[in-house]
Amino acid sequence: MSEFCKRLQEIRLEKGLKQREMAARLAITLRAYQYYEEGKHIPDLYGLLALADILEVSLDYLTGRSERQEREGL
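One structure accompanies this document, and this report is about it. No experiment lies behind these values; they were computed from the predicted model shown.

Quick word on the side chain of Ser-66
Tracing the chain through its elements places Ser-66 in the segment after α5 (59–62). Polar contacts involving the side chain of Ser-66 include one to the main-chain amide nitrogen of Arg-68, which spans 3.0 Å. Other than its neighbours up to four places away in sequence, Ser-66 contacts Arg-7, Asp-60 and Tyr-61.

Structure (structure tokens):
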């Protein structure tokens, strides 16, 4: 499992969100969201930004480029 997939699932669970809730917030199907966590599909740039916003983490953290969850300069 890629770092992105692993972190996506971990943060979602920490926030107490269900996959169905994430899909609804992203305006995608449940299966499309499940593919993100399974590593079968990767969201486009706008999807990545939306995920980071929903989960309240930095995009760098979500994608495995940083160990800092906090977003800067919003």
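Next, the rest of the story.
Considerations on the pattern of salt bridges
Counting across every chain of the model gives eight salt bridges. Put simply, Lys-40 and Glu-38 hold a salt bridge, and the shortest N to O gap is 3.4 Å. Take Glu-38: its relative accessible area is 40%, and that puts it in the partly exposed class. The partner of Arg-65 in a salt bridge is Asp-60, and the shortest N-O contact between them spans 3.2 Å. Here Arg-65 falls in the exposed class, since its relative accessible area comes to 68%. Using a relative accessible area of 37% as the deciding quantity, one classes Asp-60 as partly exposed. One network of salt bridges, with partners in common, ties together Glu-3, Lys-6, Arg-7 and Glu-67.

What counts, and where the lines are drawn
- Residues numbered from 1 in each chain as written.
- Predicted model: local features only at pLDDT ≥ 70, side-chain atom pairs only at ≥ 80, totals over all residues.
- Heavy atoms only, no water.
- Helix = DSSP H or I, 4+ residues; strand = E, 2+ residues; numbered from the N terminus.
- Polar contact = N/O pair within 3.5 Å; in protein donor to acceptor, adjacent residues only side chain to side chain.
- Contact = heavy atoms within 4.5 Å.
- Salt bridge = Lys/Arg side-chain N within 4 Å of Asp/Glu carboxyl O.
- Buried < 20%, exposed > 50% of the residue type's maximum accessible area, 1.4 Å probe, protein only.

Read these as spatial facts, not as claims about activity.
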